[in-house]
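# Chains, contacts and geometry: an overview
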Amino acid sequence: MPLARSLSVTSLSGLEDWDEEFDLEDAVLFEIAWEVANKVGGIYTVIQTKARLTAEEWGENYFLVGPYVESNVRTQVELIEPTNPVLKRTIDKMNASGCKVYFGRWLIEGSPYVVLIDVAFSAWSLDTWKTELWELCDIGVPWFDREANDAVLFGFLTAWLLGEYAAQSEEPPHIVAHFHEWLAGLGLILCRYRQLPVATIFTTHATLLGRYLCAGNVDFYNKLADFNVDKEAGDRQIYHRYCLERSAAHCAHVFTTVSQITAVEAEYLLMRKPDIITPNGLNVKKFSAVHEFQNLHAQSKHRIQEFVRGHFYGHLDFNLDKCLFLFIAGRYEFSNKGADIFLEALARLNYLLRVNHSDVTVIAFFIMPARTNNFNVETLKGQAVRKQLWDTAQTVKERFGKKLYESLLVGQLPDVQKIIDKEDFTIMKRAIFATQRQCQPPVCTHNMLEDSSDPILNCVRRIGLFNSAVDRVKIIFHPEFLSSTSPLLPMDYEEFVRGCHLGVFPSYYEPWGYTPAECTVMGIPSISTNLSGFGCFMEEHIADPSAYGIYILDRRYRGGRRVSRRQRIIQRNRTERLSELLDWKYLGRYYISARHMALAKAFPDTYMYEPNEPTSTSGFSYPRPASVPPSPSLSRHSSPRHSEVEDNDEEERYDEDAEAEKDRKNIRQPYALPLKNKTSPLGANGNGNGDDDEN
């Protein structure tokens, strides 16, 4: 369905340039989410990476509010005494009234302050607060829904915190409270009902009902306008959750979501059009490796190759130098994340590679956490065999080197027949016999608790990709988050991504999509779809996304192409240059705009905000690179042609430094967004008298 532009702008130049300062000295920002210092999903990444930029803007007046989880606090939070006297009085009053509230610094970049509320300690008030919720809002929460019960406790406690902070303030405070997702939404509803002096913002990163509908394999986007939302939520037994989310969206002074496609979804399912689109960014500095990221790719690829050598021991009949590593990662939602389409595509690719007698091998990794009870014994054995072979080779090499050294010392060339004796041959033969394997290399690296009903494994059984010798496509399902401390694949996720050749994320439902964004900032090409927020964002801001290694599918089959090793290197260079586009230094300005809009709505006598409405999509757009266009649909002369000699591409016009300079000119340099003065009424163009200022 066609996507209309939001009243707020999604192009980066859409927000007006402010020239005057917006006084935040007497304002305080509370950002409230269930995933503050508590990793559950992608919202944790949003808050964690954005914290430094927000802390720089608000300084000592920025506080994150989340649940107290002892295991997380031990490793992520330094507990300290509150530095803000008003907040200290607030926390002391709440603790004296039967709550447990902690204050500290979150040990991430920016070191923001965190207020952590022990939800379980206040569980004795659950029935009372659920009764109050019913009397106020006619929303009943069933006793068996533990997540909703936590949302009730967290909501009442955060509203208590904000109300107590306002009461303890000596002067009328200007409080901004930013609530993320439905789990924190009840606090916003209570703030508005109690008429607290709080400017509220509600951000939905994915609508609750939308996620459930897509999981049910419905034709979601084509039938978006036809759903009976109350009935659909009731049929799925999430009506109480849906009511909390919808109420929060309607009660908020400013309602935001993360992408244009999710804005359309929210308009139909939550019955309110978002005021501002707030795309998710990344801390690009964390990922960028200036002048070295090609070398980092080679190093990480080598570590993946070592794992593959162990995993496929006894069946390592393919050339690792002609092996491509593909991966899909994220929450284990088989259809929503596009794992079903990826597997079908791999089956077709395997057939094409076999009938064309290709010497290329594709290894596809599925990094999706699922329920397991331990590592697969055969997988661990493979890594042990690989290590044993390496130790054997090192032993023989040392013995060989010593004999060679002694022979050269006496001025004689060594006798090859004697320099390796029978003992050496015996050691090597034993090592070779140890690599014999009677079974196929395992598809899954762990023992699954629900093996017979697992969607990925069942699909693998149906398409027949069992890692046999004749298959040119191999599958490795790793149902656990990657970690550098793993005895199986000791790599962090970022390092693993750097070592791959392509990330594949053909999602049907993806409000934003951090995984392709992470690929982009690390210079790894990726496949996304026009049903993901990331894909729509890239289509809007890049004239030819595929030229920069971002392939955006419309869930219909499109032909691919074969590229040489050199062309892949060129493409990684281009992809990495897009990292600035996803930096919070750019995308953080949308959150800034949302907070200013909320302050203006909540405190109209003090703040004023009147953004301009552009008439078209006027943001910058990366052009298609002049050299080596990637699409086979372009002219024959300009399209790259595969050569048997991959590195002999003399006819291609390509200057890496010159092209990088052109790309730098096509994107504005990051800058700190100027703020407005609260004492000056603003004209339509952002200054006090309505006159244009020079840039």
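Residues numbered from 1 in each chain as written. Predicted model: local features only at pLDDT ≥ 70, side-chain atom pairs only at ≥ 80, totals over all residues. Heavy atoms only, no water.

If you look the chain up in an unreviewed UniProt entry, it shows as Glycogen [starch] synthase from Champsocephalus gunnari. Comment text from UniProt for the chain, heading Sequence similarities (unreviewed entry), reads "Belongs to the glycosyltransferase 3 family." The heading Catalytic activity (unreviewed entry) in the UniProt record of the chain holds the text "[(1->4)-alpha-D-glucosyl](n) + UDP-alpha-D-glucose = [(1->4)-alpha-D-glucosyl](n+1) + UDP + H(+)". (UniProt positions renumbered as here; feature names shortened; annotations may be inferred.)

### Points about the overall build of the chain
Tallying secondary structure elements over the chain gives 23 helices and 17 strands in all. With 695 residues in all, the chain has 55% of them scored as buried. Of the contacts formed within the chain by residues at least 6 apart in sequence, a portion of 75% connects residues at least 24 apart. Split by element, the accessible area of the chain, about 31600 Å² in all, is 51% carbon and sulfur. (Helix = DSSP H or I, 4+ residues; strand = E, 2+ residues; numbered from the N terminus. Buried < 20%, exposed > 50% of the residue type's maximum accessible area, 1.4 Å probe, protein only. Contact = heavy atoms within 4.5 Å. Areas by Shrake-Rupley, 256 points an atom, 1.4 Å probe, with all protein chains shown as cover.)

### Some remarks on the sheet that holds strand β7 (residues 198-204)
The strand order across the open sheet formed by 9 strands is β3-β4-β5-β2-β1-β6-β7-β8-β9, and the pairing between neighbours is mixed. Strands at the two margins of the open sheet, each flanked by one partner only, are β3 (77-79) and β9 (276-277). Two strands pair when backbone bridges link them, and strand β4 (residues 101-106) and strand β5 (residues 113-117) are joined in this way by 5 bridges, in the antiparallel orientation. Within β5, the residue paired with F103 across the bridge is V115. Sitting on the sheet, helix α3 (residues 85-96) is in contact with β1 (27-32), β2 (62-67), β4 and β5, with an inclination near 140° to β4. Here helix α5 (residues 146-168) sits on the sheet and contacts β1, β2, β5 and β6 (174-180); the angle it forms with β1, its principal contact strand, is near 170°. (Pairing = 2+ DSSP bridges. Axes fitted to C-alpha atoms, helices over the stretch in contact; angles between N-to-C directions.)

### So, the sheet that holds strand β17 (residues 550-553)
Pairing is parallel in the open sheet, where 6 strands are placed in the order β14-β11-β10-β15-β16-β17. The open sheet is flanked by β14 (473-478) and β17, the only strands paired with a single partner. Within this sheet the neighbouring strands show an average axis-to-axis angle of 25°, counted without direction. The sheet contacts of helix α20 (residues 533-541) involve β16 (526-529) and β17, and relative to β17 the element is tilted by about 110°.

### Observations concerning the packing of aromatic side chains
Aromatic ring pairs are reported here in terms of the distance separating the ring centres and the angle at which the planes meet. Taken as a whole, this structure holds 28 aromatic pairs when the rule is applied. Between W34 and F154, the ring centres sit 5.3 Å apart and the planes meet at 85°, which makes this aromatic pair edge-to-face. A residue pair is termed long-range when its members are at least 10 positions apart, and W34 in the loop between β1 and α1 (42-58) and F154 in helix α5 qualify at 120 residues. Note on F202 and F255: the rings are 6.2 Å apart at their centroids and 15° apart in plane angle, and the pair reads as stacked. Taken as a pair, F202 in strand β7 and F255 in strand β8 (residues 254-257) lie far apart in primary sequence, 53 residues in all. Note on F202: relative accessible area 0%, which makes it buried. Look at F255 and you get buried, because its relative accessible area is 0%. Seen from the ring of F481, K39 lies directly overhead, with NZ or CZ sitting 5.4 Å from the centre. The residue whose ring lies beneath K50 is Y591, and the NZ or CZ to ring-centre distance is 4.7 Å. (Phe/Tyr/Trp six-rings, centres within 6.5 Å; stacked < 30°, edge-to-face > 60°. Lys NZ or Arg CZ within 6 Å of the ring centre and 35° of its normal.)

### Things to note about unusual backbone geometry
In this model, E181 sits at a positive phi of 70°, which is unusual for a non-glycine residue. You can see E181 is positioned in helix α6 (residues 181-193). Phi at Q237 is positive, roughly 60°, even though this residue is not glycine. On the secondary structure map, Q237 appears in the loop between α8 (229-235) and α9 (239-251).

### Brief notes about the pattern of salt bridges
Within this structure, the stated rule accounts for 29 salt bridges. Measuring nitrogen to oxygen at the nearest pair gives 2.3 Å for the salt bridge that ties E344 to R462. With E344 in helix α13 (residues 339-355) and R462 in helix α17 (residues 455-463), this pair connects stretches of sequence that are 118 residues apart. A relative accessible area of 29% places E344 in the partly exposed class. Overall, the relative accessible area of 56% leaves R462 in the exposed class. Among the ionic pairs, E450 bridges to R371, the shortest N-O distance being 2.9 Å. Linking E450 in the loop between β13 (446-448) and α17 with R371 in the loop between β11 (361-367) and β12 (372-375), this pair joins segments that are 79 residues apart in sequence. (Salt bridge = Lys/Arg side-chain N within 4 Å of Asp/Glu carboxyl O.)

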